[in-house]
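Coordinate analysis (summary)
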Amino acid sequence: MAIAELTLPQTVSQPALPPAAMQVVYKRPEALSEAYTHYCPGCTHGIIHRLIAEVIDELGIRERTIAVAPVGCAVLAYEYFTVDAAEAAHGRAPAMATGIKRALPDRIVFTYQGDGDLASIGTNEIIHACARGELLTVIFVNNSLYGMTGGQMAPTTLPGQVTTSSPYGRDIRQQGWPLHITEMLAMMPGVAYAARRSTHAPAEIRKAKKAIELAFRAQIEGLGLGLVELLSSCPTNWGLNPMEALAFIRDQMVPVYPLGDFKVHEALAARP
Amino acid sequence: MAAKGTVVIDRNRCKGCELCVYHCPQHVLKLDETYNARGYRPVILDERTSQCTGCAVCAVVCPDVVFTVYRFPQPVRTAPVRAVVN
Amino acid sequence: MAKTLWKGNEALAEAALRAGVRVFFGYPITPQTELLEYMARRMPELGRVFLQAESELAAINMLYGAACTGTPAMTSSSSPGFSLMEEGLSYIAASEVPAVVVDIMRGGPGLGNIQPSQGDYFQVVKSAGHGDYHAMVLAPATVQEAVDLMYISFDLAFKYRHIVIILGDGTLGQMMEPVEMPPFKEVNGGESPAWALTGAAGRPHRVITSLYLSAERLEALNLRLQEKLARIKENEVRYDTYLVDDADYLLVAFGTVGRIAQSAVRQARAMGLKAGLFRPITLWPFPERELEALSARVRGILVVEMNAGQMLEDVQRVVKDRVPVHFLGRMGGIIPLPDDILPALQTLAGLVHGRNGRRARAVPA
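Rules used in this analysis
Residues numbered from 1 in each chain as written. Chains lettered and ligands numbered in written order. Predicted model: local features only at pLDDT ≥ 70, side-chain atom pairs only at ≥ 80, totals over all residues. Helix = DSSP H or I, 4+ residues; strand = E, 2+ residues; numbered from the N terminus. Buried ≥ 20, exposed ≤ 12 C-beta atoms within 10 Å, placed from the backbone. Contact = placed C-beta atoms within 7 Å. Arc of directions from axis to C-beta. Pairing = 2+ DSSP bridges. Axes fitted to C-alpha atoms, helices over the stretch in contact; angles between N-to-C directions. Domains from an automatic or database assignment. Nonpolar A, V, L, I, M, F, W, Y, C, P; charged D, E, K, R; others polar. Expected span 1.5 Å × (residues − 1). Parallel < 35°, antiparallel > 145°, perpendicular 65-115°, else oblique. Left-handed = near helix turned anticlockwise from the far one by under 90°.

Looking at the overall build of chain B
The helix and strand inventory of chain B stands at two helices and four strands. Put simply, chain B runs from its N terminus to its C terminus through helices and strands in the order β-α-β-β-α-β. In chain B, which comprises 86 residues, the proportion classed as buried is 52%. Partitioning the contacts of chain B with sequence separation of at least 6, the portion at a separation of at least 24 is 74%.

Printed below as a string of structure tokens:
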């Protein structure tokens, strides 16, 4: 082929058939805003936001959903969803969400939190929201470190993992073991659904979406708190390109953080 | 060559992360030589050697909702390189 | 309406219910726990929401969430708990959502003790959280006044989209006095405010945040807050005076110390000393103009507090060098009595008249 044929015009043209004749297989969810995200190229925050928006659309709850954004890379998450949203202090999203849900019990309230937010400064708030069985949905994005502030060690950092505040690699004797917070919370009667999924491959992403749907249904059906931990990438702070970062999740994180459902309320399990 | 589907790419949304390029089962995605308005080389559809099937794996892995994915009722003959929609 | 006997903490709670509060989040801490317990009993009776939080940190953040929905909400605590709430208060102030907070002060610093003090003046009045803002602070001296101030707190909070803090101490929280309770009413006419997060049904979605990454936009927010504070200063100053018209010496005190000072004024008058009392009710906005005007008419001022001199600094700032400003402070939970105040007043009077005609400097007692 001549080079000229490979060069694309900068202007636009429509695909071969008029759109009406084509079946739409995928389009932007309504619950996602038009804003360009600030996330790094390849960051799985974008995938997870999209999955949440798809679930909100499919469950038809956009107009009664209220989101609580964390402190972390997703601090601007409220710009990316077309639902009412509030910005919480670091770690306090479950408490803030409790305040919203108790004030307006018929709304669907979800928090979106990173591993520093939920498993470090916010452990008390998430534990007690679970203990109370708050009807909330918690999306827990675990990328093994503090992304926004430049890649420090987090309670979820892997043994031996080098971060800016564990420059010699996480030393278990000095800095302790990674927290398996989802397994811990799954034990609590107030938790109706607790699962860990991953974003490192299309098949995993599809399973992650199903888990997110179940976590929202736990709230909608009044069963208890729904929690989904999602193993996520941080290409920038891991110093890897996006594909290598997904491989890091698959090869390094999954062995430490096994995937699966840790708690499924029988009312959720009964459905397809 | 006949395509069973196609994608419309929102050129300025793309950050050139290449997750779609890597995961496309048909290998019909690649990065453009030129840059978009935000300084990234965006993805383009390149059906010289195989065709898009509208499987939507690209849309599944894309963090930036770059793709709208269509399937044709009948497979359609395509030109070697498809244009993109901004 | 007949008067009934009420414990301060419980009266505050009942008054909040009458004022239209719909959700309460709190945590046990002496000497305000009765407020929490009273809410635990009464809120379900009225079909409203009570929740004991896991900490004061959680309580203030729950309050923040509920406030974002436009629901009248409150919390209560004591000095160490208030310290924990300061982060949340700053977020609430920046987000311009209404909240009512009760602080029943105890001995400090640190764990301190459970006796009354006024040691939170700096913390509550000067800086209820990081950043440039002041909460409105109301300091009742009697249980009836506490009820009356609580009754208007939610209206004030919603009017200005701001924090209203009722600042009491352990004496006020624990004492029992006859009170006339006001009737039940609704805040904001029961209407959902135009800024509230309620779900984007048939309207564009709303966001409430305190994050403004652009310096220009954050300054614009701050200018808006300052303008709001100026309006509050202009319209919401409250204070009380007692026998100031012909007073030579002015006692300045707030809260329960104010009523003790009032007794001291009567005793001083009986001894021929023409004393009067100036009692700020709003500690923020502080009644500066009124105190300044009074200071021009007296020969000396004695500030009495249960701390090491906190409101004293505001008095000194307003009075400047006009007249000597003395201070009597007790700490650790010790309550100054009229018998303590009178000698200090006499010292002030003696120094001002002067043995050798030199003016005395303002001196902490």
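With respect to the interface of chain C and chain A
Between chain C and chain A, the contact holds 34 residues from the first and 29 residues from the second. Where the side of chain C that touches chain A is concerned, the elements lending two or more residues are β2 (23–26), β3 (49–52), α3 (56–68), α4 (79–95) and β9 (207–208) of chain C. It is α3 of chain C that provides the largest number of residues to the side of chain C that touches chain A, a total of nine residues.

Here we look at helix α11 (residues 311–319) of chain C
Residues and elements named next belong to chain C. Every buried residue belonging to α11 is among M311, L312, D314, V315, V318 and V319, and all of these are buried. Angular distribution of buried residues about the axis of α11 spans 160°; they occupy a single face of the element. Contact partners of the buried residues in α11: α5 (121–126), β11 (249–252), α10 (288–295), β14 (300–305) and β15 (325–329). Of the residues one or two after α11, K320 is the one with positive phi, at around 55°.

Topic: the arrangement of the chains
Most contacts, compared over the two pairs of chains touching, are made between chains A and C. The smallest C-alpha distance separating chain B from chain C is 20 Å, and no contact links them.

What about the sheet that holds β14 of chain C?
Residues and elements named next belong to chain C. Overall, mixed pairing links the five strands, which are arranged β10-β12-β11-β14-β15 in an open sheet. The sheet terminates laterally at β10 (239–242) and β15, the two strands that pair on one side only. On average, adjacent strands in this sheet sit at an angle of 20° to one another, irrespective of strand direction. Sheet topology note: the β11/β14 ladder contains four bridges and is parallel. Bridge pairing in β14 places L251 opposite L302. Packed onto the sheet, helix α9 (residues 256–270) meets β10, β11, β12 (275–280) and β14 and runs at close to 170° relative to β12. Against the sheet, α11 makes contact with β11, β14 and β15, and its axis sits at roughly 160° relative to β14, the strand it touches most.

Some details on the sheet that holds strand β5 (residues 137–142) of chain A
Working definition: the strands of a sheet are paired by backbone hydrogen bonds and lie parallel or antiparallel to each other. Strand order in the open sheet formed by eight strands is β10(A)-β8(A)-β9(A)-β5(A)-β4(A)-β2(A)-β3(A)-β9(C), and the pairing between neighbours is mixed. Two strands lie at the open edges of the sheet, namely β10 (260–264) of chain A together with β9 of chain C, each paired on one side alone. In this structure, β5 of chain A lies alongside strand β9 (residues 225–231) of chain A, joined through six bridges in parallel fashion. Bridging across to β9 of chain A, I139 of chain A finds its partner in V228 of chain A.

Some words on the pairing of strand β4 (residues 73–77) of chain C
All names here are of chain C. Counted residue by residue, β4 has five buried out of five residues, so it is predominantly covered. Here β4 shows a buried face lined by A73, T75 and S77 and a second buried face lined by M74 and S76. Pairing analysis gives two bridges linking β2 to β4, with the strands arranged parallel. When the sheet's bridge partners are listed, V23 is paired in β4 with A73. As paired elements, β4 and strand β5 (residues 99–105) share four bridges and run parallel to each other. Each residue of the ladder has a partner; that of S77, found in β5, is D103.

Observations regarding unusual backbone geometry
Of note, the bond from T30 of chain C into P31 of chain C is cis; its omega dihedral lies within 30 degrees of zero at 5°. Mapping P31 of chain C onto the fold places it in the loop between β2 and α2 (33–45). Going from G108 of chain C to P109 of chain C, the amide bond is cis rather than trans, its omega being 5°. The backbone of A56 of chain B shows a phi angle near 75°, a positive value even though the residue is not glycine. Its place among the elements puts A56 of chain B in the loop between β3 (43–45) and α2 (57–61). The residue L243 of chain C is not glycine, and still its phi comes out positive at about 55°. By the secondary structure assignment, L243 of chain C is in the loop between β10 and β11. Among the residues examined, L243 of chain C registers 16 C-beta atoms within 10 Å and is labelled partly exposed.

A closer look at the domain arrangement of chain C
Residue and element names in this part refer to chain C. When cut into domains, chain C gives domain 1 (4–195 + 206–235) and domain 2 (240–353). For domain 1 and domain 2, the distance between their C-alpha centres works out to 28 Å. Of the residues lining the interface, 26 residues belong to domain 1; the matching set on domain 2 comes to 22 residues. Split by residue class, the side of domain 1 that touches domain 2 holds 14 nonpolar, 10 polar and two charged.

Points about helix α8 (residues 202–220) of chain A
Taking 1.5 Å as the rise per residue, α8 of chain A with 19 residues should run 27 Å; its terminal C-alpha atoms sit 27 Å apart, in good agreement. Immediately beyond the C-terminal end of α8 of chain A, within one or two residues, lies G222 of chain A, with a positive phi of roughly 70°.

A short note on the packing of helix α3 (residues 93–103) of chain A against α3 of chain C
The angle between the axes and the distance between the axes are what describe a pair of packed helices. At their nearest, the axes of α3 of chain A and α3 of chain C sit 6 Å apart, and the two run at 45° to each other. Considering their axes alone, α3 of chain A and α3 of chain C lie oblique with respect to each other. In this structure, α3 of chain A crosses over α3 of chain C, and the sense of that crossing is right-handed. Counted together, A95, M96, A97, T98, G99, I100, R102 and A103 of chain A of α3 of chain A and A58, N61, M62, L63, Y64, G65, A66 and C68 of chain C of α3 of chain C form the full contact between these two elements. Classifying every residue of the contact of α3 of chain A with α3 of chain C by side-chain character gives 11 nonpolar, four polar and one charged.

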